[in-house]
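# Summary of the model geometry
Spelled out, the chains give:
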Amino acid sequence: MDRHIVIGTAGHVDHGKTTLVKALTGIDTDRTAEEKRRGLTIDLGFAWFDLPDGTRTGIVDVPGHEKFIKNMVAGLPGLNMVLLVVDAKEGVMPQTREHLGILTLFGVRNFIVVVTKADTVPPSMLDASLTRIKTDFVGTAVEDAPLIVTDALSGRGLRELVRTMSQMAEKMLPGPADGHGRLHVDRSFSLSGVGTIVTGTLLDGPMEKGQTLWLYPGRRQVRIRNIQVYEKDVLRAEPSQRTALNLLGISARDIPRGSVLCTTPDMTATSLIDVKVTVLSDAPPLFLWQRVRLLIGTREVMARIVPLGVEQIEPGEAGFLQIRVEGTDIYAKSGEPFILRSFSPMHTLAGGKILDAHPAKHRRFKEDLLAALRTRDAGLIEEMAAHFLQCCESPFSTEEAVAEGLDLPVSQVQDALQHLQERGLIQVFPLGYLHREAFKSWQSRTLSVLQEYHKKWPLRLGMPQPEWRQQMCLGEKEGKALLQLLLSRKVCRLSRRFIAAKGFRRVFSPIQRQYQSEIEKRLAKSGYRPVAVAEFISLGPDIAPVLDALQGKSLLFLSSEFVIFKPCLHQAADRIIRYFKSHEILTIRTFRDLLMINRQEALLLLKYFDDCGLTVRDGEGRAVGPKAADYESKGGPPYE
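Residues numbered from 1 in each chain as written. Predicted model: local features only at pLDDT ≥ 70, side-chain atom pairs only at ≥ 80, totals over all residues. Heavy atoms only, no water.

Within the protein, the secondary structure is distributed over 19 helices and 34 strands. In summary, the protein has a C-alpha radius of gyration of 38 Å against a globular reference of 26 Å for 640 residues, an excess of more than 25%. Over its C-alpha atoms, taken along the principal directions, the protein stretches across nearly 125 × 55 × 45 Å. A total of 640 residues make up the protein; the buried ones form 50% of that total. Sequence separation of at least 24 residues holds for 66% of the intrachain contacts in the protein that already meet a minimum separation of 6. Accessible surface, the protein as shown: approximately 30600 Å² in total, 50% of it carbon and sulfur. Where the 83 positive side-chain charges of the protein centre and where its 75 negative ones centre are 6 Å apart. (Helix = DSSP H or I, 4+ residues; strand = E, 2+ residues; numbered from the N terminus. Rg over C-alpha atoms; globule rule 2.2 N^0.38 Å. Buried < 20%, exposed > 50% of the residue type's maximum accessible area, 1.4 Å probe, protein only. Contact = heavy atoms within 4.5 Å. Areas by Shrake-Rupley, 256 points an atom, 1.4 Å probe, with all protein chains shown as cover. Lys, Arg positive; Asp, Glu negative; His and termini not counted. Charge placed at Lys NZ, Arg CZ, Asp CG, Glu CD.)

The following block contains the structure:
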């Protein structure tokens, strides 16, 4: 793959940025009649040329006028290097400083200071001007940057500039290219006979001709008809290339600047972002609920800010904020840079990078929150993955889920998870990874839920599994997996599909023991004849919980309305098994006569045995059921 980089120009209005770009590339980036008439760049301009080693270099020519700062910031995503342009006569001016501040906040670290129009200044004045420029840049990001003196009209210094650009480009490492291709739209227009064209710098991953993209906001599908990179048709565009896409099925007015095109349908909207921010030294403090302009990608939105851990962030200081977008959503990733400007009058205040693109609302002074943000800021991927697994709403997380939650490549997450396993902090299960501390939390939550249930229903065997999963906010699959883990660690026990805390025991009160004695006495006397539950209600108002507690112990519910003494049901089952040893079919009349009960009682028992698999319907009678053999081999009925 050919090497390519994107360079930006920046500096005060009319300091010669566009003329410099034309001298380097032969391309005039002032596109509109107004720009040519006024002699200043209003919107973004684009050009390109090849460095001596063949590196294709795209150049984004940004406007210098204060009124067009928003347009300037729209050209920053994907920049690898910046030429900071300073007029030899005028020196460092207000927009020079603001552009430098914005670029520094945006995370740009590769600068070349280009002094322009050198031939318009006498040599003695030029030396004095260069001294002033160097003095003005002391303490800034360009203090130690290369400084090249040029004149675009005569060609002075251009070779040295290109050589310096080449040397700096050689040291640049390629960015990630294994993610989902993403393009922040900075221009959108239509060409007759061609259709809709959008441009931007491609980030994170490739895009290919014929590929389906998703447009955000709206998640509308569009298809790539053609791709151009530096005015050449290509089948595939790579990350960091200035890219033009010819799109099918959509008009240019439906893709304004600020839109995002992505190769995945899974981008998630957000109105909250947690960020690390640095306030410019000459800006006012950032305070609670301050209204600001958030410039991110190629979009500007209004937002409110919430300082985290401090009352306000002072000029020249760095800190953490939660930014709450007003009236809309944005599509952003962790690690993405941004700029904050004041609402009115408009001045640049601060900038930084997103640490968490999908946070919850926070309490401002929580120490665990601040620790997590410090971990993200330091790029400690192992600790980030560990924190994600500890705080995840699901007990189990796959590699892909962790990578998506952290906005990181899967390959980086895999290494971190491997190290966490080796440290004994996490374990891997069929459904994903589980953190040791997270499992302790699930244990605690389960015990709390079960204890509350036992307190409310002290005579029940335990909590039904579906109800437990609902209380724990778990799906069936992950709920079953977590329950098996809890059972293996003896946190709880399972009794007839009911979950109970390990130490739970049902204990009858004296009056309940009296109820038990009377119930069992009546059932024993009734023998094979089922007894209606309604007959026991007269014993007392709290009889129902006692009946539930005796289920499976001394009685069995044949239905919600009838119960039978458990030893009698066992005897009835024994008689059926013995009968089938010499007969193939058991009629209702025969069964009725065997137990000396009436037809309705016989039907009630047979339906219960059918449900248990001891018998199976065969015409008007019953045949041996599929579970009869289990009954004989285990020496007990299959329904226990």
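Attention shifts here to the sheet that holds strand β30 (residues 531-532). Pairing within the open sheet is antiparallel, and its three strands lie in the order β30-β32-β31. Lying at the two open borders of the sheet, with one neighbouring strand each, are β30 and β31 (555-557). Of the strand pairs in this sheet, β30 and strand β32 (residues 562-565) are connected by two bridges, and their pairing is antiparallel. Pairing of Ala 532 across the sheet is with Phe 562, part of β32. On top of the sheet, helix α14 (residues 510-526) reaches β30, β31 and β32; it is set at about 80 degrees to β32, its chief contact. Contacting β31 and β32, helix α16 (residues 566-580) runs over the sheet at an angle of about 80 degrees to β32. (Pairing = 2+ DSSP bridges. Axes fitted to C-alpha atoms, helices over the stretch in contact; angles between N-to-C directions.)

Next up on the list: the packing of helix α8 (residues 381-391) against helix α10 (residues 410-422). At a closest axis distance of 9 Å, the pairing of α8 and α10 adopts a crossing angle of 75 degrees. Classed by the angle they form, the pair α8 and α10 counts as roughly perpendicular. Contacts between α8 and α10 involve Ile 381, Glu 382, Ala 385, Ala 386 and Leu 389 from the first element and Gln 412, Ala 416, Leu 417, His 419 and Leu 420 from the second. Taken together, the residues of the contact of α8 with α10 sort by class into seven nonpolar, two polar and one charged. (Parallel < 35°, antiparallel > 145°, perpendicular 65-115°, else oblique. Nonpolar A, V, L, I, M, F, W, Y, C, P; charged D, E, K, R; others polar.)

Turning to the nonpolar core, a few remarks are in order. Phe 111, Phe 137, Val 142, Leu 213, Leu 245, Leu 247 and Leu 261 are the most contacted members of the largest nonpolar core, which has 43 residues in total. For this core, the element with the highest residue contribution is strand β12 (residues 220-229), accounting for four residues. No fewer than three residues from each of domain 1 (4-171) and domain 2 (182-262) sit in this core. Setting aside chain neighbours within four positions, we find Leu 261 in contact with Gly 181, Arg 182, Leu 183, Val 185, Val 198, Met 207, Leu 213, Trp 214, Leu 215, Val 222, Leu 245 and Leu 247. (Core = buried A, V, L, I, M, F, W, Y, C linked by side-chain atoms within 4.5 Å. Domains from an automatic or database assignment.)

Looking now at the environment of Leu 51. With respect to the secondary-structure elements, Leu 51 resides in the loop between β2 (45-50) and β3 (56-61). Taking relative accessible area as the criterion, Leu 51 reaches 3% and is therefore assigned buried.

Mapping Glu 336 onto the fold places it in the loop between β22 (318-325) and β23 (337-342). For Glu 336, a relative accessible area of 8% puts it in the buried group. There is a polar contact of 3.2 Å between the side chain of Glu 336 and the side chain of Arg 182. The contacts of Glu 336, once residues within four sequence positions are left out, are Arg 182, His 184, Ile 296, Gly 297, Gly 352, Lys 353 and Ile 354. (Polar contact = N/O pair within 3.5 Å; in protein donor to acceptor, adjacent residues only side chain to side chain.)

Here we take up the packing of helix α11 (residues 436-456) against helix α13 (residues 476-488). Contact geometry for α11 and α13: axes closest at 11 Å, N-to-C directions at 85 degrees. On the basis of the axis angle, α11 is roughly perpendicular to α13. Here Phe 439, Trp 442, Gln 443 and Thr 446 of α11 lie close against α13, whose contacting residues are Leu 482, Leu 485 and Leu 486. Here the contact of α11 with α13 is built from residues that sort into five nonpolar, two polar and no charged.

Here we come to the domain arrangement of the protein. Looking at the protein, the domain boundaries give domain 1 (4-171), domain 2 (182-262), domain 3 (269-368), domain 4 (369-422), domain 5 (438-501) and domain 6 (510-634). Computed over C-alpha atoms, the centres of domain 2 and domain 4 are 32 Å apart.

Applying the stated rule across the entire model yields five aromatic pairs. Aromatic side chains Phe 396 and Phe 429 sit 5.8 Å apart centroid to centroid with 70 degrees between the ring planes, which places their arrangement in the edge-to-face category. Of the two residues, Phe 396 is situated in the loop between α8 and α9 (399-406) and Phe 429 in strand β25 (residues 426-429); the sequence distance between them amounts to 33 residues. Given the relative accessible area of 9%, Phe 396 is considered buried. A relative accessible area of 22% places Phe 429 in the partly exposed class. Across from the ring centre of Phe 343, 4.7 Å away, lies the NZ or CZ of Arg 291, which sits over that ring. For the cation-ring pair, Arg 460 lies above Trp 457, with the distance from its terminal atom to the ring centre recorded as 3.6 Å. (Phe/Tyr/Trp six-rings, centres within 6.5 Å; stacked < 30°, edge-to-face > 60°. Lys NZ or Arg CZ within 6 Å of the ring centre and 35° of its normal.)

Moving on, we get to the pattern of salt bridges. For the structure shown, the criterion picks out 29 salt bridges. Note that Asp 204 and Arg 182 form a salt bridge whose closest N and O atoms lie 2.9 Å from each other. With Asp 204 in the loop between β9 (195-203) and β10 (207-208) and Arg 182 in strand β7 (residues 182-184), the pair connects residues that are 22 residues apart, well separated along the chain. The pair formed by Asp 204 and Arg 182 is uniform in burial state, with each residue classed as buried. (Salt bridge = Lys/Arg side-chain N within 4 Å of Asp/Glu carboxyl O.)

Here the focus is helix α6 (residues 158-170). Between the first and last C-alpha of α6 there are 18 Å, a value that for 13 residues agrees with the 18 Å anticipated at 1.5 Å per step. Residues of α6 that are buried: Leu 158, Leu 161, Val 162, Thr 164, Met 165, Ser 166, Met 168 and Ala 169. On its buried face, α6 sits against β1 (4-11), α1 (17-25), β2, β4 (81-87), β5 (111-116) and β6 (147-149). (Expected span 1.5 Å × (residues − 1).)

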